[in-house]
Each structure stands twice: as structure tokens, then as C-alpha cells.
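# Residue-level structural notes
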Amino acid sequence: WKLSRGDVGNAVMPKETAKKPLAEFLVAGGIAGMVARTCVAPIERVKILYQIQRGTPQNVSYLTMVPRLLREEGVLSLWKGNTAAVI
């Protein structure tokens, strides 16, 4: 890929990539976003619960919150609300 003043388009996107339909890129980006949000969902869920319980008089930390959440609500509770965020 050589850059020249008149040929910037080829330097940005190879010809094979330029021939693919736009819908394919949009679907791939959407799937990548869904996978990323699903991977980060447990961290976000614990963060939100921590922010809510931080105002209570109890001394709450991340290390005590995660085992309690798993014990009381189960493993799938870490992804609670993820469906709405993904859609």
C-alpha cells in the first residue's frame, strides 16, 4: 500500500474489502458489540450493585459482594439485564 496524493482510497481500504456489502459490515459490528457487552455484563452488574449499596450504613466491598450475589441469586444473576442492554 503506497500512499500517493490521488490514491488515498486504496490506502484506507483494500479492493477486496471495498467489494463487500455494507450490510455485512453492520452485522459483524453488531455481533461484536453484543459479544463485548455480554463479556462485560458481570463486571457492570457488580459495579451497579456496589454503587447502590455504597450509600447504606453497611461496609460493602467488591470482594464481599460477589460471593454473596452468587450464593443468593446464582451465577446467571451476573447477566441479569444483559438482554435489554444487548437489544
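Cut-offs applied
Within each chain, residues carry numbers counting from 1 in the order of the written sequence. Reporting of local features is limited, given that this is a predicted model, to residues whose pLDDT is at least 70; pairs of side-chain atoms are given and counted only at 80 or more, and all residues count toward the totals for whole chains, interfaces and linings. As a rule here, side-chain values come from all non-hydrogen atoms in the structure, and water together with hydrogens is ignored. Strands here are runs of E lasting at least two residues and helices are runs of H or I lasting at least four, both read from the DSSP assignment and numbered beginning at the N terminus. Residues count as neighbours in contact if any of their non-hydrogen atoms are within 4.5 Å of one another. The predictor reports its confidence for every residue as pLDDT, a score running from 0 up to 100.

## Considering the environment of Val-75
You can see Val-75 is positioned in the loop between α4 (62–73) and α5 (82–86). Taking C-alpha positions, Val-75 is 9.4 Å from Pro-42, a pair spaced 33 residues apart along the chain.

## Here's the deal with the side chain of Asn-82
By secondary structure assignment, the location of Asn-82 is in helix α5. Not counting the four nearest positions on each side in its chain, Asn-82 is found in contact with Arg-37, Thr-38 and Ala-41.

## Here we look at the confidence of the model for the protein chain
For the protein chain, the mean per-residue pLDDT works out to 82, and 78% of the residues sit at or above 70. No element of the protein chain has a lower mean pLDDT than helix α1 (residues 8–12), which averages 53, and none a higher one than helix α3 (residues 22–53), which averages 93.

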